[in-house]
Amino acid sequence: MRQGGVLSPLLFNIYVDSFLQRLQSSGVGCRIGSCYIGCVMYADDLTLFSSSLCELQRMIDICLSVPLFARHTPLYAQKVQ
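In what follows, the accompanying structure is described. Quick caveat: nothing in here was measured; it's all calculated off a predicted structure. (Residues numbered from 1 in each chain as written. Predicted model: local features only at pLDDT ≥ 70, side-chain atom pairs only at ≥ 80, totals over all residues. Heavy atoms only, no water.)

The next subject is the overall build of the protein. Looking only at helices and strands, the protein features three helices and four strands. Reading the secondary structure of the protein in the N-to-C direction produces α-β-β-β-β-α-α. Across the 81 residues in the protein, those meeting the buried criterion constitute 17%. The contacts of the protein with a sequence gap of at least 6 include a subset with a gap of at least 24, amounting to 35%. Of the roughly 6200 Å² of accessible surface on the protein, 59% is carried by carbon and sulfur atoms. (Helix = DSSP H or I, 4+ residues; strand = E, 2+ residues; numbered from the N terminus. Buried < 20%, exposed > 50% of the residue type's maximum accessible area, 1.4 Å probe, protein only. Contact = heavy atoms within 4.5 Å. Areas by Shrake-Rupley, 256 points an atom, 1.4 Å probe, with all protein chains shown as cover.)

See below:
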């Protein structure tokens, strides 16, 4: 699939949605009431929220188990606060 192709955003959303569902069903990350907010995405940027370092590491492991993220996505530790 060519970048900028008509189907590119649709296919990206389908792929990312299954990944986000996997994070949500893992039971890690933050929730407000019944709303899951453990992962927030804007375009191709991903932010993970957790209440502990152990949970955050599990979320990172889930991200790295997804082939696209493992091969093409650098993790920027300097952006972590």
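As paired elements, strand 3 (residues 39-42) and strand 4 (residues 45-48) share four bridges and run antiparallel to each other. Pairing of Cys39 across the sheet is with Leu48, part of strand 4. Connecting strand 3 to the next strand, strand 4, in antiparallel fashion are two residues, including Ala43 with a positive phi near 55°. (Pairing = 2+ DSSP bridges.)

Taken together, the side chains of Leu7, Leu10, Leu11 and Ile14 present a nonpolar region at the surface, about 370 Å² in accessible area. Mapped onto the fold, Leu7 is located in the segment before helix 1 (8-25). (Patch = residues over 30% accessible without salt bridge, like charges linked within 9 Å, V, L, I, M, F, W, Y side chains within 5 Å. Salt bridge = Lys/Arg side-chain N within 4 Å of Asp/Glu carboxyl O.)

Another point: the nonpolar core. Ranked by size, the top nonpolar core spans nine residues in total: Phe19, Leu23, Val28, Tyr36, Cys39, Met59, Ile62, Cys63 and Val66. Contributions of two or more residues to this core are made by helix 1 and helix 2 (53-65). Of the residues forming this core, the biggest block, three residues, is contributed by helix 2. Setting aside residues up to four positions removed in sequence, Val66 forms contacts with Tyr15, Phe19 and Arg22. (Core = buried A, V, L, I, M, F, W, Y, C linked by side-chain atoms within 4.5 Å.)

Nothing here speaks to function; it is all geometry.
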